[in-house]
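Structural description and commentary
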Amino acid sequence: MSLLLTLMGGLGLFLFGMNFMSQGLQKAAGAKLRSVLTAISKNKYIAVLFGALFTAIIQSSGATTVMVVTFVNAGLMELTQAVGIIFGANIGTTITAQLVSFNLTAIAPFILFVGVIMFLFMKQPIFKKIGEVVIGFGALFMGISLMTEAMSKLNDYPKVIEVLSSLKNPFLAILVGLIITVIVQSSSVTVSILLLMAGQGLVSLPICFYFILGCNIGSCTPAVMASMNAKKEAKRAALIHVLFNVFGMIIISIILMLAMNPFTTFIQSISGDSIKRCVANTDTIYKVFQTIIFLPISTQFIKLVNKLVPGDDKEDTGFSLHYISRNTVFSPTATIVAAMHEITRMGQMAEDNMKLAMEAFWDGDQDKIDRVYQTEKYIDYLSHEITDYLVDVNQRQLPVADSLKIGSLFHVVSDIERIGDHAENIADAAIRMKEENIAFTKKAIKEISEMFEKDMRILTLAFEMFETESNEHMPEILQIEETVDEMEIELQNSHIRRMGKGKCSPESGLIFTDLVTGLERVADHATNIAFALHGSEEMH
């Protein structure tokens, strides 16, 4: 019983360390690496290198492929761009087994101590996140130490040795590796455990070769789960990951059946006397080999998945989110990007609705007025859905840079929703102008048009700043906003003078006053949007 408890405790500590380290790395570096990843993904060969680097850093091919599936589902990445990253992720995930194959258990307590000190006593968020990574790293090797100790005593149990020694069927080894990896959802974990078992002489090296193939297929589980309720393009991205490992398993199995001895000799020649290094190097060589043979024919992979998952998604004629999906697996590195694209879409909708509302105000077109109201309902829907989504992700573990943006994104959504309300107010005024046959003077029309043009300019610049996360247009926005403030005062005074001279009716005067006030507030909301992310960067 004590042996089983030690083994379970070691495995629990290993899984905790693995997860804690992965989450910490994603929170510390995920946002920056993500931006690089999406920028270079157009070249599939460079995408492989960065996909491998990204996965090696965050210690999880599952996290990388879920992020890619999420990006593809949201339309932020093409399938052709995703292929290289998925292939690279398979290589990067082997870094865990490589680390485990080196004997770092002796210094694990010291690593754990350093991580705890950083986490408890460092005040800056980034150092706390790095502390989490170090804690996870130390816990991982403490778990390895416990499992190694437990496995060293398994030789005293003949029944255990009998069961393990009976695992000689290649197909059975692949199946067991697949099932265990599906359960733990990490080939890094299962290959690492296999490595420890082989190190204690519990599993033969040839069986390890087949076991790893099963682990590789099982590693597709997170991506497949993320795509189950996603769009067809996301399903295709996940299927590419599955096919990469299934085809690789078939080809490598054939090679092993035909040339087991030469392959074993090769692995041992590059790994030395350590069977642990043999297992770790085999895992890496499999993934590199698969990438070398499959990357040149990646377009054929895309053609195949298009045939296996045919057709397009049915267009949703009702209100819907385009970039955010509640039904896919949560991806820390993708969630804020998806939210920002959804907010940008909402902002563009609000800007277009302002233009349509003003057109309706001038020509009284009832169809345009109806479209303004319908679009405003859509904007309200997006505001509600995005806010709920941000509330949800705010309770999750996110990269440091992303978590700092959450508060600002709430404000941006609110400002855009208020801009949508002002478009609706203009449509209300258009109806009143039409029903009561109210008209503006030429001077009033010119003044409103000039102020509206400035509003549209500041909105365009603000949304561009939000989308690019740049403060390039800040001076121009501040200048326009100040001009609009001055215009409001000037136009209100000009209106009072016209009223005094009897050039306009009280009814038209009231509408004019409300319109000018509303346009000034639109400029304020636009300025808030421009400042939003710039302010969060300043905090950072």
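Along the chain, Ser298 falls in helix H15 (residues 298-308). The class for Ser298 is buried, based on a relative accessible area of 4%. Contacts of Ser298, omitting those with residues within four sequence positions, involve Lys44, Val83 and Phe87.

In this structure, Asn437 takes a positive phi of about 55° despite not being glycine. In this structure, Asn437 sits in the loop between helix H19 (406-435) and helix H20 (442-468). A relative accessible area of 70% means that Asn437 is categorised as exposed. The backbone of Glu469 sits at a positive phi, close to 55°, despite the residue not being glycine. Structurally, the position occupied by Glu469 is in the loop between H20 and helix H21 (474-500). What makes Glu469 partly exposed here is its relative accessible area of 30%.

What follows covers the packing of aromatic side chains. Taken as a whole and assessed by the stated rule, the structure comprises 14 aromatic pairs. Look at Phe209 and Phe263: their rings are 5.0 Å apart centre to centre, the planes differ by 85°, and that puts the pair in the edge-to-face class. Residue Phe209 is located in helix H11 (residues 205-218), and its partner Phe263 is located in helix H13 (residues 232-271); the two are separated by 54 residues in the primary sequence. The pair Phe209 / Phe263 is uniform in exposure class, with both members buried. Ring centres of Trp362 and Phe440 lie 6.5 Å apart, and the angle between their planes is 75°; on these two criteria the pair is classed as edge-to-face. Residue Trp362 is located in helix H16 (residues 335-363), and its partner Phe440 is located in the loop between H19 and H20; the two are separated by 78 residues in the primary sequence. Linked through ring pairs, Phe87, Phe244, Phe247, Phe294 and Phe301 together constitute an aromatic cluster. The cationic tip of Lys128 hangs over the ring face of Phe119; the distance from NZ or CZ to the ring centre is 5.5 Å.

Viewed as axis vectors pointing N to C, helix H4 (residues 79-92) and helix H14 (residues 275-294) meet at an angle of 160°, and their least axial separation amounts to 8 Å. Taken together, the axes of H4 and H14 are roughly antiparallel relative to one another. Where H4 crosses over H14, the two elements pack in a sense that is left-handed. Counted together, Phe87, Asn90 and Ile91 of H4 and Lys287, Val288, Thr291 and Phe294 of H14 form the full contact between these two elements. Along the lines of polarity and charge, the residues of the contact of H4 with H14 split into four nonpolar, two polar and one charged.

Right, let's talk about a nonpolar patch on the surface for a bit. Judged by side-chain polarity, Leu11, Leu15, Phe171, Leu172, Leu175, Ile179, Ile180, Ile183 and Val184 come together as a nonpolar surface patch covering roughly 740 Å² of accessible area. Secondary structure elements with two or more residues in the nonpolar patch: helix H1 (2-40) and helix H9 (170-184). Here the nonpolar patch takes seven residues from H9, the largest share from any one element. Judged by its relative accessible area of 64%, Ile183 falls in the exposed class.

Time to look at the environment of Thr527. Relative to the helices and strands, Thr527 is located in helix H22 (residues 506-539). C-alpha of Thr527 to C-alpha of Leu459: the two residues are 68 residues apart in sequence and 8.0 Å apart in space. A distance of 2.9 Å separates a polar atom in the side chain of Thr527 from the backbone oxygen of Ala523.

Another point: the pattern of salt bridges. Overall, the coordinates contain twelve salt bridges when judged by the stated rule. Among the salt bridges present, the one from Asp367 reaches Arg371, with a minimum N-O distance of 3.5 Å. One end of the pair is Asp367 and the other is Arg371, both in helix H17 (residues 366-393) and four residues apart, which spans about a single turn. The class of Asp367 is partly exposed, set by a relative accessible area of 45%. Under the relative-accessibility criterion, Arg371 is labelled partly exposed at 40%. For the salt bridge of Lys405 with Glu469, the shortest nitrogen-to-oxygen distance reads 2.8 Å. One end of the pair, Lys405, is in the loop between helix H18 (400-403) and H19; the other, Glu469, is in the loop between H20 and H21, and 64 residues separate them in sequence.

Evaluated as defined, the whole model comprises zero disulfides. Between Cys208, a free cysteine, and Cys278, which holds the nearest cysteine sulfur, the sulfur-to-sulfur gap is 9.3 Å. Since its relative accessible area comes to 0%, Cys208 is described here as buried. You can call Cys278 buried: its relative accessible area is 3%.

Another aspect to go through is the confidence of the model for the protein chain. Close reading of the predicted structure is inappropriate where its pLDDT is low. Averaged over all residues, the pLDDT of the protein chain equals 84, while 88% of them reach at least 70. Throughout residues 536-540 the model reports pLDDT below 50, and contacts reaching past four residues in sequence, or to other chains, amount to six contacts.

The terminal C-alpha atoms of helix H10 (residues 187-199), which comprises 13 residues, lie 18 Å apart, in line with the 18 Å expected from a rise of 1.5 Å per residue. Taken together, the buried positions of H10 are Ser187, Ser188, Val189, Thr190, Val191, Ser192, Ile193, Leu194, Leu195, Leu196, Met197 and Ala198. Among the residues trailing H10, Gly201 stands out with phi positive, at a value near 75°.

Turning our attention to the nonpolar core. Of all hydrophobic cores here, the largest spans 70 residues; its most connected members are Met354, Phe361, Ile386 and Phe440. Elements with a contribution of two residues or more to this core: H16, H17, H19, H20, H21 and H22. If you tally residues by element for this core, the top one is H16, at 14 residues. Beyond its immediate sequence surroundings of up to four residues, Ile386 is in contact with Leu321, Ile324, Glu342, Ile343, Met346 and Val413. Listed in part, the 44 residues of the second largest apolar core include Met197, Cys208, Phe209 and Ile212.

Parameters at a glance
Residues numbered from 1 in each chain as written. Predicted model: local features only at pLDDT ≥ 70, side-chain atom pairs only at ≥ 80, totals over all residues. Heavy atoms only, no water. Helix = DSSP H or I, 4+ residues; strand = E, 2+ residues; numbered from the N terminus. Buried < 20%, exposed > 50% of the residue type's maximum accessible area, 1.4 Å probe, protein only. Contact = heavy atoms within 4.5 Å. Phe/Tyr/Trp six-rings, centres within 6.5 Å; stacked < 30°, edge-to-face > 60°. Lys NZ or Arg CZ within 6 Å of the ring centre and 35° of its normal. Axes fitted to C-alpha atoms, helices over the stretch in contact; angles between N-to-C directions. Parallel < 35°, antiparallel > 145°, perpendicular 65-115°, else oblique. Left-handed = near helix turned anticlockwise from the far one by under 90°. Nonpolar A, V, L, I, M, F, W, Y, C, P; charged D, E, K, R; others polar. Patch = residues over 30% accessible without salt bridge, like charges linked within 9 Å, V, L, I, M, F, W, Y side chains within 5 Å. Areas by Shrake-Rupley, 256 points an atom, 1.4 Å probe, with all protein chains shown as cover. Salt bridge = Lys/Arg side-chain N within 4 Å of Asp/Glu carboxyl O. Polar contact = N/O pair within 3.5 Å; in protein donor to acceptor, adjacent residues only side chain to side chain. Disulfide = S-S within 2.5 Å. pLDDT = per-residue confidence, 0-100. Expected span 1.5 Å × (residues − 1). Core = buried A, V, L, I, M, F, W, Y, C linked by side-chain atoms within 4.5 Å.

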